[in-house]
Amino acid sequence: MKTALVHERLNVLAGSEKVLFAVHDIFPEAPVYTAISDSALTNAHLPGVDIHTSFLQKLPLVAKHHQKFLPLYMLAFEQFDLTGYDLVISSSHCAAKAVITRPSACHVCYCHSPMRYAWDMQHAYTKYQGRLVRGAWAMMSNYVRLWDLGTSFRVDRFVANSAHVARRIRKYYGKPAEVIYPPVDIDRFTVSSKVDDYYVVLSRFAPYKRVDMVIKAFNRLGIRLLVIGSGEQESELKKLAGKNIEFLGHVPDAGVAQYLSRARGSVIAAEEDFGITTVEGIAAGRPVVAYGVGGSAEIITDGENGVLFHEPTVESLVEAVGRCESLSWNPEAIKRTSERFGADVFRREMKCFVERAIDEHRSL
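Residues numbered from 1 in each chain as written. Predicted model: local features only at pLDDT ≥ 70, side-chain atom pairs only at ≥ 80, totals over all residues. Heavy atoms only, no water.

Undergrad: So what about the pairing of strand S1 (residues 3–7)? Which residues, and what values?
TA: Summarising burial for S1: five of the five residues are buried, a large majority. Along S1, one buried face is formed by Thr3, Leu5 and His7 and the opposite face, lined by Ala4 and Val6, is buried too. Examined bridge by bridge, S1 and strand S4 (residues 87–92) share five bridges and lie parallel to one another. Bridging across to S4, His7 finds its partner in Ser91. Pairing between S1 and strand S2 (residues 32–34): three bridges, direction parallel. Note that in S2 the partner of His7 across the bridge is Thr34. (Buried < 20%, exposed > 50% of the residue type's maximum accessible area, 1.4 Å probe, protein only. Helix = DSSP H or I, 4+ residues; strand = E, 2+ residues; numbered from the N terminus. Pairing = 2+ DSSP bridges.)

Undergrad: Explain the packing of helix H7 (residues 211–221) against helix H12 (residues 314–326) to me, and be specific about the residues and the numbers.
TA: Direction vectors running N to C along H7 and H12 enclose 60 degrees, while the axes themselves pass 9 Å from each other. Comparing their axes, H12 and H7 come out oblique. For H7 against H12, the interelement crossing comes out right-handed. When H7 is examined against H12, the residues Met213, Val214, Lys216, Ala217, Phe218, Arg220 and Leu221 are found in contact with a partner set consisting of Val314, Glu315, Leu317, Val318 and Val321. Here the residues of the contact of H7 with H12 are counted per class, giving nine nonpolar, no polar and three charged. (Axes fitted to C-alpha atoms, helices over the stretch in contact; angles between N-to-C directions. Parallel < 35°, antiparallel > 145°, perpendicular 65-115°, else oblique. Left-handed = near helix turned anticlockwise from the far one by under 90°. Contact = heavy atoms within 4.5 Å. Nonpolar A, V, L, I, M, F, W, Y, C, P; charged D, E, K, R; others polar.)

Undergrad: Describe the sheet that holds strand S8 (residues 198–202), naming the residues involved and giving the relevant values.
TA: Strand order in this open sheet of six strands is S10-S9-S8-S11-S12-S13, and the pairing throughout is parallel. Since the sheet does not close on itself, it has two edges, and those belong to strand S10 (245–249) and strand S13 (306–309), each with one partner. On average, each strand axis in the sheet is inclined to that of its neighbour by 20 degrees, with strand direction left out of account. The sheet contact formed by strand S11 (residues 265–268) and strand S12 (residues 288–291) spans three bridges and is parallel. Paired with Val267 across the two strands is Val289, which belongs to S12. Sitting on the sheet, helix H9 (residues 253–261) touches S8, strand S9 (224–228), S10 and S11, and the angle it makes with S8 is about 140 degrees.

Undergrad: So, the side chain of Asn305: which residues are in play, and what are the values?
TA: Looking at where Asn305 falls in the secondary structure, it is placed in the loop between helix H11 (296–299) and S13. Contact partners of Asn305, with chain neighbours within four places excluded, come to Ile282, Arg286, Pro287, Val288, Ile299, Ile300, Trp329, Ile334 and Thr337.

Undergrad: For the pairing of strand S6 (residues 157–160), give the residues involved together with the corresponding values.
TA: With four bridges connecting them, strand S5 (residues 106–111) and S6 associate as parallel partners. Note on S6: the bridge partner recorded for Cys111 is Ala160. Crossover connection from S6 via helix H6 (residues 163–173) to parallel strand S7 (residues 177–179): handedness right-handed. (Right-handed = clockwise from strand over helix to strand, strands pointing away.)

Undergrad: Outline the packing of aromatic side chains, supporting the account with residue identities and numerical values.
TA: For the coordinates displayed, the defined rule picks out twelve aromatic pairs. Aromatic pair Tyr199 and Phe218: ring centres 5.5 Å apart, planes at 55 degrees, arrangement tilted. Highlighted residues: Tyr199 in strand S8 and Phe218 in helix H7, separated in sequence by 19 residues. Judged on exposure class, the residue Tyr199 and its partner Phe218 are both buried. Relative to Phe247, the ring of Phe205 has its centre 6.2 Å away and its plane inclined at 85 degrees; by these criteria the two rings are edge-to-face. (Phe/Tyr/Trp six-rings, centres within 6.5 Å; stacked < 30°, edge-to-face > 60°.)

Undergrad: Go over the environment of Pro103 with me, naming the residues and quoting the values.
TA: Mapped onto the secondary structure, Pro103 falls in the loop between S4 and S5. A residue is classified by how much of its surface remains accessible, and Pro103, at 79% relative accessible area, is exposed. For the pair Pro103 and Gly222, spaced 119 residues apart in sequence, the C-alpha to C-alpha distance is 61 Å.

Distances and angles like these do not, on their own, reveal function.
Printed below as a string of structure tokens:
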């Protein structure tokens, strides 16, 4: 079957891009359609692949301020001509699923999440915005939700990256979704024979990631904390931090693996769609203290490979870290719990699902 892949944007390297690369491994001849791309990234990860970009590629500022161009993203994917393809696989958390295919084509969408800022997390996203932004979004968000729901009917079969996201898809789109966990490069993590005196939080500095709550908890605990990442809240977070908290900024993958493998544990405070950093923590053989709502609750079994806390409060997190400190951990056993999230597992499950989806579509 003639196949095309569709992805939101290819100018940054994050979890959704790694999903696309793994899907392309299954369909190596497929071209990729995306709103914008960066040639350095595509040359490194999709060498020789036919990349089709939208009109947004020629607009200034889009790459750095993509959130402000949401209406144009919504338009861009509807302009791609995919009538020549029998199978279309979209990797979507915003607009990629909006592509229009011919009736006989099978459209499979790997959904990283319905638009969080339009549905259940809209207040978390707008809480720290100015009045003008909040007012504009209040007027626009209902239209965005209607458009998002309408474009969901262009998809024949949904795949969700977690049971948590599958519930969102059922709630907002009224459609079932198969759960196939995204690929994580677990092989780059090794178990260390030495454990140092710190915990790690690895995150973007966005309000919904709740890094501020982690810092407040460790201020109270007095335990050393290494903060890896960057983002809009950086200056605010640094002002909150006590002397036991160290900001490392951006750290290369090899450095992240080393820090995690020698940590007493890592901390995830956000409600994650899936939780790649949660998997990375256990792949390094160290326990993860994670918020027990969202994807992390599907990865962490309390007392086996980490500790879950169920209230998004400093007090609840402090108690969870205390429990993590009091338990004995088997690093090799923790690492084994990460094996179900490997790239080979993803490719095998995704290939089988697409084959079933094609057979079901043909039978209609």
